[in-house]
Amino acid sequence: MKIIVANWKMNQGFDEIDEWLDRFYEISAKNFEELQSFRLILCPPAIFLDYLDSELIEDGLKNLEEIAKKEGRNPQDFLPDEVSEYVMESRPIRLGAQNCHHKKNGAYTGELSAEMLHRIGCEYVILGHSERRIYNQESDELIAKKVEVAVEEGLIPILCVGENIEIRKAAQHINYVKNQIISSLPKLDKKIPALLVAYEPIWAIGSGETASVGQINEITNAIVRAFENGDLAEKVGNLYVLYGGSVNEENSQEILALERLDGLLVGKASLNAESFLKLCPGIKIQSNSERFN
Ligand code: PGA
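K.L.:
How do you make sense of the sheet that holds strand β5 (residues 156–161) when you look at a structure like this?
P.N.:
Sheets are built from strands paired through backbone hydrogen bonds, the pairs being either parallel or antiparallel. Reading around the barrel, the eight strands line up as β1-β2-β3-β4-β5-β6-β7-β8 and close back on themselves, with parallel pairing between neighbours. Mean inter-strand twist for the sheet, computed between neighbouring axes without regard to direction, equals 30°. In this structure, strand β1 (residues 2–7) lies alongside strand β2 (residues 38–43), joined through six bridges in parallel fashion. In the strand pairing of β2, I4 is matched with L40. Against the sheet, helix α9 (residues 173–184) touches β5 and β6 (192–199), its axis set at about 145° to β5. Of the strands in this sheet, β6 and β7 (236–244) are in contact with helix α10 (residues 213–228), which crosses β7 at around 165°.

K.L.:
Honestly, the nonpolar core in this entry has me stumped. Any pointers?
P.N.:
The tendency in soluble globular proteins is for nonpolar side chains to be buried side by side. By size, the foremost hydrophobic cluster in this structure holds 67 residues, and its most contacted members are I4, L40 and I181. Counting residues per element, this core draws most heavily on α10, at six residues. Among residues more than four places away in sequence, those in contact with I4 are F38, R39, L40, I41, L256, L264, V266, F276, L279 and C280. Counting residues in each nonpolar core, the second largest holds 12 residues, with V5, I126, L196 and A198 among its members.

K.L.:
I would appreciate a short explanation of the site of the ligand in the present structure.
P.N.:
Near the ligand, the surroundings consist of 13 residues, among which K9, H129, E200, G206 and S246 are the closest. A distance of 2.7 Å separates an oxygen atom of the ligand from a polar atom in the backbone of G206. Residues of the shell around the ligand, tallied by class, amount to four nonpolar, six polar and three charged.

K.L.:
Is there a simple way to explain the pattern of salt bridges in this structure?
P.N.:
Opposite charge on two side chains permits them to pair, given that their charged atoms come into close proximity. Scanning all chains against the criterion turns up 21 salt bridges. The residue R23 makes a salt bridge to E26 at a minimum N-O spacing of 3.1 Å. Pair noted here: R23 and E26 are both in helix α1 (residues 14–29), with a separation of three residues, about one helical turn. A relative accessible area of 11% places R23 in the buried class. Measuring nitrogen to oxygen at the nearest pair gives 3.8 Å for the salt bridge that ties K104 to E152. Of this pair, K104 sits in the loop between β3 (94–97) and α5 (114–119) while E152 is found in helix α7 (residues 140–152), placing the two residues 48 residues apart along the sequence. Overall, K104 belongs to the partly exposed group, its relative accessible area being 45%. With relative accessibility at 46%, the residue E152 sits in the partly exposed group.

K.L.:
Can you help me understand the pairing of β6 in this one?
P.N.:
Taken residue by residue, a regular strand's side chains alternate between the two faces of the sheet. The element β6 is largely enclosed, with a buried count of seven among its eight residues. Bridging between β5 and β6 involves four bridges; their strand directions are parallel. Paired with L159 across the two strands is V197, which belongs to β6. Direction of pairing for β6 relative to β7: parallel, over a ladder of seven bridges. Within β7, the residue paired with L196 across the bridge is Y240. Chirality of the crossover, the property in question, places the unit of β6, α10 and β7 among those that are right-handed.

Cut-off values and rules
Residues numbered from 1 in each chain as written. Predicted model: local features only at pLDDT ≥ 70, side-chain atom pairs only at ≥ 80, totals over all residues. Heavy atoms only, no water. Pairing = 2+ DSSP bridges. Helix = DSSP H or I, 4+ residues; strand = E, 2+ residues; numbered from the N terminus. Axes fitted to C-alpha atoms, helices over the stretch in contact; angles between N-to-C directions. Contact = heavy atoms within 4.5 Å. Core = buried A, V, L, I, M, F, W, Y, C linked by side-chain atoms within 4.5 Å. Buried < 20%, exposed > 50% of the residue type's maximum accessible area, 1.4 Å probe, protein only. Near = heavy atom within 4 Å. Polar contact = N/O pair within 3.5 Å; in protein donor to acceptor, adjacent residues only side chain to side chain. Nonpolar A, V, L, I, M, F, W, Y, C, P; charged D, E, K, R; others polar. Salt bridge = Lys/Arg side-chain N within 4 Å of Asp/Glu carboxyl O. Right-handed = clockwise from strand over helix to strand, strands pointing away.

Any functional reading would require information beyond the geometric quantities listed.
See the structure below:
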């Protein structure tokens with residue numbers, strides 16, 4: 001199973017979202033089997049989460065009616081827990097937030113807590129994205145607190161790490177990334193049940209310059225090894241390593257072929273449902289002439 005995360009950053013509006021969902025459903029209906037090998041996660045601006053969650057619920061309820069019909073059951077006979085589990089589990093795309101506050105609640109004007117995000121249908125949260133580290137001066141220490149509160153509230157953190165071009169040129173990237181992971185994780189007595197670590201070299205984000213498959217492989221192996229021994233051993237139950245930085249339909253296939261890499265974190269190419277789904281190898285997409293004939 002490969003994981004593909006769409007990070008919309010501060011983009012899209014309601015019209016674009018409707019268009020995105022229509023195209024997404026159109027393509028996914030024709031690729032139901034193929035999509036079972038992917039976990040798709042959508043991280044829109046927080047203001048759209050509730051809307052997307054409602055749309056996904058509506059779609060899930062329609063599917064539930066179909067299932068009930070097939071099983072000869074009355075949809076009203078499903079228990080509330082059964083309905084919510086089905087509606088959540090059958091989602092073709094899961095929701096994630098792009099950030100959360102590091103405190104549980106309180107007088108923090110303009111902020112959103114992990115609990116609020118969880119309540120409106122988020123299962124994941126991106127933390128420590130380099131854009132937040134740079135433009136919002138987020139430190140490893142702050143990110144570690146966010147990871148802690150996210151885990152406590154039942155969200156799965158997508159922890160972003162990655163070096164800048166100077167560190168890469170000085171060949172210090174492996175140590176840098178390892179240290180960044182160590183100091184961006186909270187010191188907890190218990191294991192973090194699931195963690196996604198997204199390696200996103202700053203020089204590759206939005207630049208059109210992707211890291212090479214060899215470079216991604218090197219760092220993926222180093223991250224996996226770091227969680228097997230030393231300071232990070234026993235810290236995490238299920239670890240998944242992702243790559244992000246100028247991923248597109250031309251390079252996604254060879255990156256996803258890396259054995260130890262679990263998936264991708266995608267910015268620009270996720271803004272359009274078609275280009276997003278084109279990142280998933282094996283998905284068939286009809287051309288416009290096929291669609292409209
Ligand atoms: P990009 O962004 O795919 O546009 O390079 C990736 C990210 O910042 O998560």
